[in-house]
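Remarks on the overall topology
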Amino acid sequence: MSIQPDMPPAEAGAEFDLILEAGRAEKNYWHDLWRYRELFIILALRDISVRYKQTVIGIAWALIQPFLTMVIMTIIFNKVAGLHSVGSAPYAIMVFAAMLPWMFFSSALSSTSQSMVGNANLISKVYFPRLIIPASAVVTSFADFLISFLILIGLMIWYQVVPSWHILTLPLFIGIAFLAALGPGLLITALNVKYRDFRYIIPFIIQFGTYASPVGFSSSVIREKFGEKIFILYSLNPMVGVIDGFRWAILGDNSPIYLPGFVLSLVIVGLFLVIGISYFRKTEKSFVDII
Amino acid sequence: MSNQSVISVENLGKVYRINHQAERQRYVALRDVIAEKFQGLFRSRRPQLDKFSSAEDFWALKDVSFDVKQGEVTGIIGRNGAGKSTLLKILSRITEPTEGRVRIKGRVASLLEVGTGFHPELTGRENTYLNGAILGMSRAEIRKKFDEIVAFAGIEQFLDTPVKRYSSGMYVRLAFAVAAHLEPEILIVDEVLAVGDVEFQKKCMGKMQDVSTKEGRTVLFVSHNMSAISRLCSSAIILNKGNKAYDGTTNQGIQKYLAQFSEISQPATWIDIASCPRQGGRTNVYFHSAAYLGPSGESHSLPVSGKELLFKLRISSDIKRSVSSLSVMIYSPSFQKLLNADSLLLAQAVLLEKGLNEVHVKIHQLHLKPGRYPIGLWLANPTEIFELIESAFEIEVINEDNRQTPEIPNDGVMACDFNIYQPILT
């Protein structure tokens, strides 16, 4: 399928518009991606509107899951393990500020990894830049992410926490969270087309990551207990930087950012993004032949 | 319509690697790759023979070149596995060629399937927008044509019902309606006409004819259905095992294509047709072999113009079943259906036992002139088509006086009893 909406009708005597050759598709890639933006939007809307069809409580699932997880984490880490949040921030809000990006990351990872295989029929019958499929899967998870912000607002009202000016930087951190999910998402999408092993690896990564990332506790706990060197190593997990960023934006000075660690996390996010996109583009042309 | 080439294909080739080991599972498991790499470590000094023994290159297309001019309707024919689908996939940018190149001028839309991307949970309205976007229409374009699409499909009152509640007929109608309202300059159509009921197929054919003749679009059309090809296409390309075997007029192309597997078969001998190409592939019930016999009492057994002709058909069935429509069709050399001796016309069902069955079809008077005629076979129930073989074998009809008359061009194919006299006018 290669209808080209932006192209004027071909005039007699004009040059050929489209040349297909081995390795040729590279050249118009980003231009093509822009041309197919409507398909991208429609696919994302499809996934969002289908997500909670034929469920009894519908969109409430996007609220219940993170809320209950937050409750259990607060009980375990705060009440049972006796960890404390830094400064005066309520533990529940501190946990939830981390739950937001973490849940987004994990749901984006699991839905992108399945997206290409789930749309196998589409990609074997129609042409469009394949990047659209995992990207729209990330957008779908992003919708859930925005919905669960309602819980955060509710919690802030309940605990009467007034956000500082830091909250204005939140969109920036949301953007980072988006990119942090997209990079590994693309990599895993491409890998999963060829090696279906990733179907089994993903749930493990997510489960592992829930405890390995500072979701239920403050990252300063790690820094205090193991020292700065270990913390730098810890920041190789890109979600450490993303979560710290979220906490800093939501809780203000109660949760200071440790800059070297944050920068390292950003570098890792960027690295994953570059690897993800380049590996995806390198392999996407053969998707249809192996899916 | 100009003589401008809008599709130019040069030395196109596509190779697939067939991995014999991986035949049972369709994808590679990481485990195997890791194991292979490890084995490679220990075996790296040895010749890499066994690495290649498991994989084999298969050229689905090789050195194919052709041009399609603006406004031309070109049929692409070939047996299963001849490379038709691969060609369409390359032209519609789904997969990349391994070698050669294709140049295309104008907007291309390809319709390799009706209803691609339909989501069962979404309503008819939502699916129309979704499918339109997938086929390359902009939202504004779909909005403009929305009413037309809905009217064509005839689903007005079900617009806001999820399509999973649609009957299969409604589903296909809506899907085709969206596709039919595409307005590309070049349309690539795979065998989409082979779905749906007879009514729907007729509607598709009509729409296809409109697109090609009235609107002057360039169309590439793949089908196994020779009569559809001969009705729609002005030129034809035959693919055979990935190579281009023919490129020229439709009529010649069809004759050449059919000649590949139907030679004149000897009368009064069993002709193996179990491996004939057929539409949709062989099912549980299929024509196994056939024989034909001219009028009895003649030593040559050839069909004779004006006399009786007997077809003996052996049909294999997996279970005991009753089939309502069994027919023998005789085609003209240019592939017009001349006659259809169908059990449906006699309101007579055919009862098939498990295993091989023999059924005879006897034509009492064969009103055909001397010549060669392809024979088609058909087997179906109202809801299911078991077999459609458009050219199972060819017969040669001779004159009653035993020898062929000199051929007169364009003298028709039908024979009739007639005499010529001059009335005496008073």
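Here we summarise the structure given alongside this text. (Residues numbered from 1 in each chain as written. Chains lettered and ligands numbered in written order. Predicted model: local features only at pLDDT ≥ 70, side-chain atom pairs only at ≥ 80, totals over all residues. Heavy atoms only, no water.)

To continue, consider the overall build of chain A. Of regular secondary structure, chain A possesses eleven helices and one strand. Moving toward the C terminus, one meets the helices and strands of chain A in the order β-α-α-α-α-α-α-α-α-α-α-α. Along the first, second and third principal axes, the C-alpha atoms of chain A reach 75 × 45 × 40 Å. Counting only residues that meet the buried cut, chain A has 52% of its 291 residues in that class. Of the contacts made within chain A by residues no fewer than 6 positions apart, 82% connect residues no fewer than 24 positions apart. With an accessible surface of roughly 13,200 Å², chain A has 69% of that area assigned to carbon and sulfur atoms. Of the charged side chains in chain A, 20 are positive and 17 negative, and the gap between their average positions amounts to 8 Å. (Helix = DSSP H or I, 4+ residues; strand = E, 2+ residues; numbered from the N terminus. Buried < 20%, exposed > 50% of the residue type's maximum accessible area, 1.4 Å probe, protein only. Contact = heavy atoms within 4.5 Å. Areas by Shrake-Rupley, 256 points an atom, 1.4 Å probe, with all protein chains shown as cover. Lys, Arg positive; Asp, Glu negative; His and termini not counted. Charge placed at Lys NZ, Arg CZ, Asp CG, Glu CD.)

For chain B, the count of helices and strands is nine helices and 19 strands. Here chain B holds 426 residues, and 49% of them are scored as buried. The contacts of chain B with a sequence gap of at least 6 include a subset with a gap of at least 24, amounting to 72%. Accessible surface for chain B amounts to roughly 21,400 Å². Of this, 50% is attributable to carbon and sulfur atoms.

Residues and elements named next belong to chain B. Along the chain, Ile76 falls in strand β3 (residues 73-77). Along the backbone, Ile76 and Ser289 are 213 residues apart, and their C-alpha atoms lie at a distance of 28 Å. Excluding anything up to four places from it in sequence, Ile76 contacts Lys84, Leu87, Leu88, Leu220, Phe221, Val222, Ser223, Ile229, Ile237 and Leu239.

All names here are of chain A. Axis separation between helix α7 (residues 170-194) and helix α10 (residues 238-251) bottoms out at 9 Å; the angle between their running directions is 165°. Judged by the angle between their axes, α7 and α10 are roughly antiparallel. As α7 packs across α10, the resulting crossing turns out to be left-handed. Facing Leu170, Phe173, Ile174, Ile176, Ala177 and Ala180 of α7, the residues of α10 in contact are Val242, Gly245, Phe246, Trp248, Ala249 and Ile250. Residue composition of the contact of α7 with α10, by class: eleven nonpolar, one polar and no charged. (Axes fitted to C-alpha atoms, helices over the stretch in contact; angles between N-to-C directions. Parallel < 35°, antiparallel > 145°, perpendicular 65-115°, else oblique. Left-handed = near helix turned anticlockwise from the far one by under 90°. Nonpolar A, V, L, I, M, F, W, Y, C, P; charged D, E, K, R; others polar.)

This next bit is on the environment of Ile201(A). In this structure, Ile201(A) sits in helix α8 (residues 198-212). As for Ile201(A) and Thr140(A), which are separated by 61 residues in sequence, their C-alpha atoms are 21 Å apart.

All names here are of chain A. Mapping Ala180 onto the fold places it in helix α7. Owing to a relative accessible area of 3%, Ala180 belongs among the buried residues under this scheme. For the pair Ala180 and Val242, spaced 62 residues apart in the sequence, the C-alpha separation amounts to 8.0 Å. If we skip the residues at most four places from it in the chain, Ala180 touches Phe105, Val242 and Val269.

Many descriptions give the size of an interface as the accessible area lost when the pieces come together. Tallying the contact residues gives 56 residues for chain B and 52 residues for chain A. Buried surface at the junction of chain B and chain A, summed over both partners, amounts to about 4,700 Å²; 58% is from carbon and sulfur atoms. In terms of surface lost to chain A, no three residues of chain B exceed Arg93(B), Ile94(B) and Glu96(B), which account for 16% of the buried area on that side. For Lys14(B), the salt bridge is made with Asp289(A), and the minimal N-O distance between the two is 3.0 Å. Among the secondary structure elements, those contributing two or more residues to the side of chain B that touches chain A are β1 (5-19), α1 (30-43), α3 (84-91), β4 (99-104), β5 (108-111) and α4 (124-135) of chain B. Per element, the largest residue contribution to the side of chain B that touches chain A is six residues, and it comes from α4(B). In terms of residue class, the side of chain B that touches chain A is built from 25 nonpolar, 14 polar and 17 charged. Bridge count for strand β1 (residues 18-21) of chain A against β4(B) is four bridges, and the pairing is antiparallel. From the neighbouring strand, Leu20(A) faces β4(B), where its bridge partner is Val102(B). (Buried area = accessible area lost by both parts, 1.4 Å probe. Salt bridge = Lys/Arg side-chain N within 4 Å of Asp/Glu carboxyl O. Pairing = 2+ DSSP bridges.)

Another point: the sheet that holds β5(B). Residue and element names in this part refer to chain B. Strand order in the open sheet made by the six strands is β5-β6-β7-β3-β8-β9, with mixed pairing throughout. This sheet does not close on itself; its edge strands, each paired only once, are β5 and β9 (243-249). Between one strand and the next, the sheet's axes are offset by a mean angle of 15°, whatever the strand orientation. The sheet contact formed by strand β8 (residues 235-240) and β9 spans six bridges and is antiparallel. Along β9, the bridge assignment pairs Ser235 with Thr249.

Think of an α-helix as 3.6 residues a turn; residues three or four steps apart then line up on the same face. For helix α11 (residues 259-290) of chain A, built from 32 residues, the straight-helix expectation of 46 Å at 1.5 Å per residue is met to within 8% by its first-to-last C-alpha distance of 44 Å. At Glu284(A), α11(A) shows its largest kink, close to 50°. (Expected span 1.5 Å × (residues − 1). Bend = angle between axes of the 7 residues up to and from the residue.)

This next bit is on the nonpolar core. Within the largest apolar cluster, 138 residues are counted, with the highest numbers of intra-cluster contacts made by Phe128(A), Phe246(A), Ile250(A) and Phe221(B). When sequence neighbours within four positions are dropped, the list of residues in contact with Ile250(A) reads Ile93(A), Ala97(A), Leu152(A), Met156(A), Pro163(A), Ile167(A) and Leu170(A). With 32 residues, the next largest nonpolar core counts Cys276(B), Val285(B), Val328(B) and Ile363(B) among its residues. (Core = buried A, V, L, I, M, F, W, Y, C linked by side-chain atoms within 4.5 Å.)

What follows deals with the side chain of Ser230(B). Residue and element names in this part refer to chain B. Examined against the element boundaries, Ser230 turns out to sit in helix α8 (residues 226-232). With relative accessibility at 18%, the residue Ser230 sits in the buried group. Contacts of Ser230, omitting those with residues within four sequence positions, involve Thr250, Ile254, Phe335 and Gln336.

Geometric values such as these leave the question of function open.
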